[in-house]
Amino acid sequence: MGKRGRPRKEEQQDLFDLRERLTTAPCVPAIRREVDEWRKQDWPGITEATRELFNYWFRTDHVVRGARFQYHRAQREAVETLVYLYEVKRIHRRKDLLETYVQHTPDLRLPKYDDFARYCVKMATGSGKTKVMAMAIAWQYANAVRTSSEDYASTFLVLAPNVIVFERLRTDFEGGRMFHTDPLVPRHFKLWWDMQFYMRGDGERAHSSGALYLTNIQQLHEGRTADDTEADDPVSALLGPTPPSSLQEQTDLYERISKRAGKLMVLNDEAHHTHDEESEWNNVIRRMHGVRALSLQLDVTATPRFQSGALFPWTVFDYPLKQAIIDGIVKRPIVGISKIQEAKSEIASVKYKGFLTAGVERWREYRDQLKPVGKKPILFIMMNVTADADDVAEWLKTKYPEDFAGEKTLTIHTDKSGEVSKKDLDAARKASREVDDDRSPVNAIVSVLMLREGWDVQNVTVVVGLRPYTAKANILPEQAIGRGLRLMFRGGMAGYQERVDILGNKKFLEFVQDLEKLEDLKLGTFEVGEDKLQIITVQPDPAKMKHDIGLPEITPVLERKKSLEQEIAALDVMAFKVNPLPMKQADVEEPQTFFYEGRDILTAAIEFEREYKIPSAQTAGEVIGYYARRIAQDIKLPSQFAALAPKVKEFFQHKAFGETMDLDQPKVISAMSSNIACYVVLKEFNKALSALLIDEKEPVLLNAERKLSTTPPFPFSKLSFPARKTVFSVAACDNQFEYDFAKYLEACDDVESFAKLPFEFGFTIPYTDEQLNIRRYYPDFVVRLVSGEHWLVETKGQETVTVAHKDRAARLWCENVSRLTDSSWNYVKVPEREWRSLGADEFADLRVFEQ
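(A) Looking closely at the overall build of the protein chain. A tally of regular secondary structure across the protein chain gives 28 helices and 32 strands. Scored against the burial criterion, the 851 residues of the protein chain give a buried share of 55%. Considering only residue pairs separated by 6 or more positions, the protein chain has 75% of its internal contacts joining residues 24 or more positions apart. As displayed, the protein chain has an accessible area near 37,600 Å², and 49% of this comes from carbon and sulfur atoms.

Here it is, written out as structure tokens:
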């Protein structure tokens, strides 16, 4: 609300949006609305380097380790939020953040320390926080190197709260592993990407323009000795002592960072530990700021809460557990309801026998049903004290030796004398890191620990809680349940909703109910012993091999050129069909802004709009350089700037104004800077170069037919139709339309065989989207008719320009494989509304949809 007058419309909406305001941090609702609107406008105000990263991260199809990969919506929005606040809004102090976005909160206290930007990103356990950290690092470093701004960091300090978290982060960052395996750095960025990665204890290597240091926060505590515990709480202490840190080691890292150029960015993982402004953790960061100025402190955690339970007010993004479950980013927790009672005994295995037996039986159901897809489930049992954990582990080994004897059960806690055995704990850490591996013998983990942080075990399917949980802060529920939330199947299992079953005594289930209240969610339930687990496994059926279909494999017909240097050199700007530009005087006082619309060349539909700011220019060279950079960015070949600049100069000098001009004249410089000049030069160069950007290749046949029967088994939890005419056990359908269409194909007399093409088969057709990115199209169905003809079928509920691009690519693929093989291939797109009205009873009826 302004100083006087009625509240603005957005403020009125905020007042009524009580649910969001009460369940998230105070800044988040207003920031989320602004970022959503900013995204719709195609991110105005970002740097060229940032735009190149965004286009690469979010508008490019990626394949990682043989599987389709894309950053999910929350990861994208988290990074967009950081960029919007830091780069566009330039809010670099928490005071400014709170005064800008927190309204109607009169008791809000401003931070005591506020010398640099500090944001907190709240993301549910298992939702990929480390990838957000890596994108934030790439964004800061790219801008530090590629721009003249001094606001960005080229040195990065990643801090972990304990050894377990440190070891997890080291897996991602050592040797820059994540920056090589994940789509973080565009190929052309690697020409100047010069980053060294230092793990705790590494010595300094040859100079590099960027550096990342990963360590435990305790290594930097002032006055720390080898006798100090690793953290203030016993849980972290049990996770293992930090290697001794001497004052020399502390001083060394401060000194090494102080000698680096540029600014420093600090990233705190599991940052709920930083809630106390006076803590040694925060003191370390302020001391670092004293030796090397910070650009930004980024706190990342699933639970950024004070001891009171309130969220950190500097939280700028919130991806709650409820939304992560809905989105399928984490497993869906299902609570087991039972009438099991605790036995009257002091012996844990006797007292909790009913719960333990139920947990084992449920685990066995998972074991049997996941066996066809090659996954091994883990049973995770939480006990109250060390003696109880030992007793339960021994009971498992004795009662179920075939499943849990020897190394098949991993017990993690202090030893029986109550002391932490470093030797045993190191072995336990190693085993816990490897339990997801198919070669690991471990089937069960028994622990007195809540394993709150850093335990990225993915195969936990059953959690049995047999201990009371108490805490003043509402931190522990998600941290404990979070041990079972991480997905077991990764790499595009979009058709399967994973779950983790939660069993436990009354006190533990009350604890789970606290999580439901805290996250505003209602967990599903099942009756223990009554509701049997059912996982549908889709796989080729040996009895139905006559319905197997082979799809030809050909080399890609589309290839994006890595350079247009020769094409640019041959570009005839005198052939551009443009009317002479007016000698219009530009406003030289302030940078000009104009909007540019990108339209599809076939449909003329507006595909994107961009806001451009033309800085006030003093020389013709500045204007020419600006346009050359913009054109190079638009065609996604920034390395072509040097080739473009002479052509832009030639255009203005000899063509743009209808006569040869002296570009050094002030009036000409002003006219070159006008909105109309900017519109024309971008439009004409983009139009001329876009047609040259994609190289069409002659396809070569690689494999005459890759059989659907080679598809590996996969779990599925959406709609499945028990079709006879498919080689698969069922037709795995993503929606009701696909299910109904599969039933129709089954009933068609002229259809011999068909299949709903599973993602796991990996059949794709490359196509170019509206922005000239080469994308991957996954057709819906393949059909073989009685006549021997083959058809690719796309079932669509609504038409978009993107669908039209896919259609053209599919038709071209069919033409090519028909020419290269002895088979006839065709393509048809079936619109849902028209198909339902058609009442077709033969496949031949679909020819009415051919275009």
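(B) Here's a closer look at the nonpolar core. With 102 residues, the main nonpolar core has Trp57 and Phe179 as its most contacted residues. Broken down by element, this core gets its largest block of residues, 10 residues, from helix H7 (residues 129–146). Of all hydrophobic cores here, the second largest spans 38 residues; its members include Ile631, Phe651, Ala656 and Ala677.

(C) Main features of the pairing of strand E5 (residues 195–199). In terms of burial, E5 is largely enclosed, as 4 of its 5 residues are buried. Sheet analysis places E5 next to strand E6 (residues 210–216), joined by 5 bridges and oriented parallel. Along E6, the bridge assignment pairs Gln196 with Ala211.

(D) View of the pattern of salt bridges. Under the criterion given, the structure shown has 54 salt bridges. Between Arg256 and Glu204 there is a salt bridge, and its shortest N-O distance comes to 2.6 Å. One end of the pair, Arg256, is in helix H11 (residues 247–258); the other, Glu204, is in the loop between E5 and E6, with 52 residues separating them in the sequence. By relative accessible area, which is 14% here, Arg256 ends up buried. Of the charged contacts, one joins Asp501 and Arg499 as a salt bridge, the two residues approaching to 3.0 Å between their closest N and O atoms.

(E) How the structure looks around the sheet that holds E5. What the 7 strands build is an open sheet, ordered E5-E6-E4-E7-E8-E3-E9; its pairing is parallel. Looking at the sheet topology across the chains shown, the edges are occupied by E5 and strand E9 (315–319). Each strand axis lies, on average, 15 degrees off the axis of its neighbour in the sheet, ignoring direction. Here strand E3 (residues 117–123) pairs with strand E8 (residues 294–301) via 6 bridges, running parallel. Residue pairing for E8: Val121 is matched across the bridge by Val300. Its contacts with the sheet place helix H8 (residues 163–173) against strand E4 (153–160), E5, E6 and strand E7 (263–269), and it is angled at close to 155 degrees to E6.

(F) Representation of the sheet that holds strand E31 (residues 790–796) within the structure. As summarised here, the arrangement of the 4 strands in space is E27-E30-E31-E32, forming an open sheet in which the pairing is mixed. Two strands lie at the open edges of the sheet, namely strand E27 (751–756) and strand E32 (825–831), each paired on one side alone. Along the sheet, successive strands turn relative to each other by an average axial angle of 25 degrees, direction set aside. Lying over the sheet, helix H27 (residues 801–820) contacts E31 and E32, oriented at roughly 155 degrees with respect to E32.

(G) Layout of helix H22 (residues 620–634). A rise of 1.5 Å per residue sets the reference length of H22, with its 15 residues, at 21 Å; its end C-alpha atoms lie 21 Å apart and thus fit the reference within 8%. Burial analysis of H22 places 12 of its 15 residues in the buried class, which makes it a mostly covered element. Among the residues of H22, Ala620, Val623, Ile624, Gly625, Tyr626, Tyr627, Ala628, Arg630, Ile631, Ala632, Gln633 and Asp634 are the ones counted as buried. Looking one or two places after H22, you find Lys636, whose phi comes out positive at around 60 degrees.

(H) Just the packing of aromatic side chains, in detail. Inspection of every chain in the model, using the stated rule, returns 44 aromatic pairs. With a centroid separation of 6.4 Å and an interplanar angle of 35 degrees, the aromatic rings of Phe173 and Phe179 are classed as tilted. Phe179 sits in the buried class, given a relative accessible area of 3%. A ring pair is formed by Phe737 and Trp835, whose centres lie 5.5 Å apart and whose planes are at 45 degrees; its orientation type is tilted. Within this pair, whereas Phe737 is found in helix H26 (residues 736–747), its partner Trp835 is found in helix H28 (residues 832–838), the two being separated by 98 residues in sequence. Judged by relative accessible area, which is 6%, Phe737 ranks as buried. Taken together, the aromatic side chains of Tyr141, Phe173, Phe179, Phe189, Trp192, Trp193 and Phe197 make up a single cluster linked through ring pairs. For Arg286, the ring lying beneath its charged end belongs to Tyr113, and the centroid distance is 3.6 Å.

(I) Representation of the side chain of Lys122 within the structure. Along the chain, Lys122 turns up in strand E3. At 2.9 Å, the side chain of Lys122 forms a polar contact with the side chain of Asp318. Leave out the neighbours within four places in its chain, and Lys122 touches Thr301, Ala302, Pro304, Leu311, Thr315, Phe317, Asp318, Tyr319, Pro320 and Glu519.

(J) The pairing of strand E11 (residues 378–382), seen in detail. With 5 of 5 residues buried, E11 is to be regarded as a mostly interior element. On E11, burial covers both faces: Ile378, Phe380 and Met382 on one face and Leu379 and Ile381 on the other are all buried. In this sheet, strand E13 (residues 444–447) lies alongside E11 in parallel orientation, the contact comprising 4 bridges. Bridge pairing in E13 links Ile381 to Val446.

(K) Seen up close, the side chain of Thr50. With respect to the helices and strands, the residue Thr50 is situated in helix H4 (residues 48–58). Note on Thr50: relative accessible area 0%, which makes it buried. Side-chain polar atoms of Thr50 contact the side chain of Glu87, separated by 3.0 Å. Among all residues touching Thr50, those that are not within four sequence positions of it are Val83, Glu87, Trp139 and Asn143.

(L) Quick peek at H26. For H26, spanning 12 residues, the distance from its first C-alpha to its last is 17 Å, which sits close to the expected 16 Å at 1.5 Å a residue. Looking only at H26, the buried set comprises Phe737, Glu738, Asp740, Phe741, Ala742, Tyr744, Leu745 and Glu746. Here H26 starts with a cap whose side-chain oxygen sits 3.2 Å from the backbone nitrogen of Phe737, and that cap is Asn735.

(M) The arrangement of the environment of Lys544 in detail. By the element assignment, Lys544 lies in the loop between strand E17 (536–538) and strand E18 (550–554). It is 7.9 Å that separates the C-alpha atoms of Lys544 and Lys725, two residues lying 181 residues apart in sequence. If sequence neighbours within four positions are ignored, Lys544 has contacts with Ala723, Arg724, Thr726, Val727, Phe728 and Ser729.

What counts, and where the lines are drawn
Residues numbered from 1 in each chain as written. Predicted model: local features only at pLDDT ≥ 70, side-chain atom pairs only at ≥ 80, totals over all residues. Heavy atoms only, no water. Helix = DSSP H or I, 4+ residues; strand = E, 2+ residues; numbered from the N terminus. Buried < 20%, exposed > 50% of the residue type's maximum accessible area, 1.4 Å probe, protein only. Contact = heavy atoms within 4.5 Å. Areas by Shrake-Rupley, 256 points an atom, 1.4 Å probe, with all protein chains shown as cover. Core = buried A, V, L, I, M, F, W, Y, C linked by side-chain atoms within 4.5 Å. Pairing = 2+ DSSP bridges. Salt bridge = Lys/Arg side-chain N within 4 Å of Asp/Glu carboxyl O. Axes fitted to C-alpha atoms, helices over the stretch in contact; angles between N-to-C directions. Expected span 1.5 Å × (residues − 1). Phe/Tyr/Trp six-rings, centres within 6.5 Å; stacked < 30°, edge-to-face > 60°. Lys NZ or Arg CZ within 6 Å of the ring centre and 35° of its normal. Polar contact = N/O pair within 3.5 Å; in protein donor to acceptor, adjacent residues only side chain to side chain.

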